[in-house]
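# Observations on the model geometry
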Amino acid sequence: MNGADCILIKGGRVVDPAHNLDTTADLLLEGGLIRAVGRPDVPAGCRVISAAGLVVAPGLVDMHVHLREPGYEYKETIAGATRAAAAGGVTAVAAMPNTNPVIDDPSVVGYVLEKARVAGHANVHPIGAITRGLKGEALSEMGLLQRAGCVAFSDDGRAVMDSGLMRKALEYSRAFGALIIQHAEDSALVGCGCMNEGVTSSRLGLPGIPNASEEVLVDRDIRLVALTGGRYHVAHLSTAGALTAVTAARVRGLPVTCEVTPHHFALTDSAVGHYDTNAKMAPPLRDEKDRQALLEGLARGTITVIATDHAPHDIDSKRVPFCQAANGVVGLETLLPVSLELVRDGVLDLKGCLATMTCNPARMLGIDRGTLEVGKVADLVLFDPEEAWEVDAIDLHGSGRNTCFQGRQVRGRVKTTFLAGRVVHRDGT
Ligand SMILES: [Zn+2]
């Protein structure tokens, strides 16, 4: 081994949830791989990075991101979104297919992968559309899309409303072992609603979206999973009722999983405040009872993934009356600090918290990442778990500045992000 591309990360708190590891150790990287963990012999000329006081963890895996390219480059680009990912300690993102053109053809998959490779900030794993053009009418060519590089399938942004089509999707996906991700909102029950239906919507005089809009679809889909045996994942689960259904399905041994976003477990619909369009997303922020249920679901291990639903928008899409504003918030750069609140509040320990953003989503998507195992690609993040800072949209690295955490006092700051042993983000640069 020569010291040329060798890096020793020295004296950090090494946390690798995949191997139940939480210990002070050194990490030796070479040739883009993790070569040793512990107290390795260090080759002459090896670059040493002190990680004293820092946590050394696998690079985060965010399984729910909207890159906006191709088609909506005025909102964000693949280069911009993955730059934000690197700043957030995220080294792998799964990219939702609601671009223009839609990711329903291998040529679009190739385009996204190539743009991501050239940008070089993070690994991008496209998610293919369940239905052609996201129209909810005919299934896409899942087999071809998977061969081209798609790691899962979703019509995210809208639900697959047709029960027969959803049944077919779950049946066909079994042939490829593919994961079907549902944006569970019944469009008829959402209607013209633009925030959670409750006390706050009444006070503001805004049309509400009932919890039932999510629950009826999750209930239906679980029946279809029982019928077909397909792997099913609820995106951005937001209600206590849907969580009860997922919990019961998992007890029955059905292949059902779900994710929760930081905004849904950290905020309630009161964050809409005085018609703040940066608190508008789909599904909407719910009430405190739902939020508590999500925390319980995380603590019990029913919710195994935290994902951002990172959805950058241009300013004009948000600077309009509340109901006309685009849905969605950015989240890549607040994912880690807001999730660390779960550790301070005793919901999860650090290992359990990091598992929801590393090995759990990586396994679900079949991505060979999310661990610090020797021999694996050196995608990792070094962060100070205690450093306090205030979220300010101005400081974010992507084009989208539509954060719902503006002004929030958080703790936990990404110091360095490595992608295949290469530094892709350093705090302050
Ligand atoms: Zn969605």
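Up top is the structure.
The sections below set out a description of the structure shown in this document. (Residues numbered from 1 in each chain as written. Predicted model: local features only at pLDDT ≥ 70, side-chain atom pairs only at ≥ 80, totals over all residues. Heavy atoms only, no water.)

### Quick notes on the state of the cysteines
Summed over all chains, the structure comprises 2 disulfides. Here Cys194 pairs with Cys323 through a disulfide, and the sulfurs are 2.1 Å apart. Remark: Cys323 occurs in the loop between helix H11 (315–318) and helix H12 (335–344) and Cys194 occurs in the loop between helix H5 (187–190) and strand S11 (195–196); sequence separation between them is 129 residues. According to the relative accessible area criterion, Cys194 is buried, its value standing at 5%. On the accessibility criterion, Cys323 (36% relative accessible area) is partly exposed. Disulfide partners in the protein chain, listed by the sequence order of the bonded cysteines, are 1-2, 3-4. Of all cysteine sulfurs, the one in Cys323 lies closest to Cys192, which takes part in no disulfide; the gap is 7.1 Å. The structure places no disulfide on Cys258, whose sulfur is separated from the nearest cysteine sulfur, that of Cys353, by 15 Å. (Disulfide = S-S within 2.5 Å. Helix = DSSP H or I, 4+ residues; strand = E, 2+ residues; numbered from the N terminus. Buried < 20%, exposed > 50% of the residue type's maximum accessible area, 1.4 Å probe, protein only.)

### Some remarks on unusual backbone geometry
Here the bond from Glu69 into Pro70 is cis, since omega is 10°, no more than 30 degrees from zero. Tracing the backbone shows Pro70 in the loop between strand S6 (60–65) and helix H1 (78–87). With omega at 5°, the peptide bond leading from Asn100 into Pro101 counts as cis. Tracing the chain through its elements places Pro101 in the loop between strand S7 (90–95) and helix H2 (106–119).

### Quick notes on the coordination of the zinc ion
Binding of the zinc ion to the protein goes through Asp156 (OD), His183 (ND1) and His236 (NE2), at separations of 1.9 to 2.2 Å. Read in sequence order, the donor residues coordinating the zinc ion give the pattern D-x26-H-x52-H. With His183 in the loop between strand S10 (179–182) and H5 and His236 in the loop between strand S13 (231–234) and helix H8 (240–251), this residue pair connects regions lying 53 residues apart in the sequence. Each member of the pair His183 and His236 is classed as buried. (Donors = N, O, S within 2.8 Å, 3.2 Å for Na, K, Ca; no water.)

### Focus on the pattern of salt bridges
Scanning all chains against the criterion turns up 19 salt bridges. Between Asp427 and Arg413 there is a salt bridge, and its shortest N-O distance comes to 3.3 Å. You can see Asp427 sitting in the segment after strand S18 (422–426) and its partner Arg413 sitting in strand S17 (residues 409–419), a full 14 residues away along the chain. Arg413 sits in the partly exposed class, given a relative accessible area of 24%. Salt bridges linked by common partners bring Glu387, Arg413, Lys415 and Asp427 together as one network. (Salt bridge = Lys/Arg side-chain N within 4 Å of Asp/Glu carboxyl O.)

### Structural notes on the packing of aromatic side chains
Enumeration over the complete set of coordinates arrives at 1 aromatic pair. Ring geometry for Tyr72 against Tyr74: centres 6.4 Å apart, planes inclined by 65°, an arrangement best described as edge-to-face. Take Tyr74: its relative accessible area is 53%, and that puts it in the exposed class. In this arrangement the basic side chain of Arg413 is found over the ring face of Trp389, its NZ or CZ atom lying 4.8 Å from the centre. (Phe/Tyr/Trp six-rings, centres within 6.5 Å; stacked < 30°, edge-to-face > 60°. Lys NZ or Arg CZ within 6 Å of the ring centre and 35° of its normal.)

### Here we look at the pairing of strand S5 (residues 55–58)
Examined bridge by bridge, strand S1 (residues 7–16) and S5 share 2 bridges and lie parallel to one another. In the sheet register, Val14 faces S5, and the bridge partner there is Val56. Where S5 lies against strand S16 (residues 380–390), 4 bridges are found, and the strand directions are antiparallel. Looking at S16, one finds that Ala57 is bridged to Val381. (Pairing = 2+ DSSP bridges.)

### Some details on the packing of helix H4 (residues 163–176) against helix H7 (residues 212–228)
When two helices pack together, their arrangement is given by the angle between the helix axes and by the axis-to-axis distance. Where H4 contacts H7, the axes come no closer than 10 Å and their chain directions differ by 45°. As the angle between them shows, H4 and H7 are arranged oblique. Like other packed secondary-structure pairs, H4 and H7 cross with a definite hand, here right-handed. From H4, Ser163, Met166, Arg167, Leu170, Glu171 and Arg174 reach across to H7, where they touch Arg220, Asp221, Leu224, Val225, Leu227 and Thr228. Classifying every residue of the contact of H4 with H7 by side-chain character gives 5 nonpolar, 2 polar and 5 charged. (Axes fitted to C-alpha atoms, helices over the stretch in contact; angles between N-to-C directions. Parallel < 35°, antiparallel > 145°, perpendicular 65-115°, else oblique. Left-handed = near helix turned anticlockwise from the far one by under 90°. Contact = heavy atoms within 4.5 Å. Nonpolar A, V, L, I, M, F, W, Y, C, P; charged D, E, K, R; others polar.)

### What about the pairing of S17?
Of all 11 residues making up S17, 8 are buried, and the element is well covered by its neighbours. By the bridge criterion, 8 bridges tie S16 to S17 in an arrangement that is antiparallel. Across the sheet, Val381 pairs through a bridge with Thr417, a residue of S17. Two elements, S17 and S18, share 4 bridges in a ladder whose sense is antiparallel. Opposite Phe418, over in S18, you have Val423 as the bridge partner. Counted along the chain from S17 to the antiparallel partner S18, the turn is 2 residues long, and its residue Ala420 has a positive phi close to 50°.

### Details of the nonpolar core
Residues Leu67, Val218, Phe265, Leu298, Leu354 and Phe383 are the most contacted members of the largest nonpolar core, which totals 91 residues. What Leu298 contacts, discounting residues up to four positions off in sequence, is Val260, Phe265, Ile303, Ile306, Leu342, Val347 and Leu348. Judged by nonpolar contacts, the second largest core, of 16 residues, contains Ala25, Leu27, Val56 and Ala378. (Core = buried A, V, L, I, M, F, W, Y, C linked by side-chain atoms within 4.5 Å.)

### Section: the environment of Glu171
Following the sequence through the fold, Glu171 ends up in helix H4. Residue classification places Glu171 among the partly exposed positions, given a relative accessible area of 32%. Taking C-alpha positions, Glu171 is 8.9 Å from Leu227, a pair spaced 56 residues apart along the chain.

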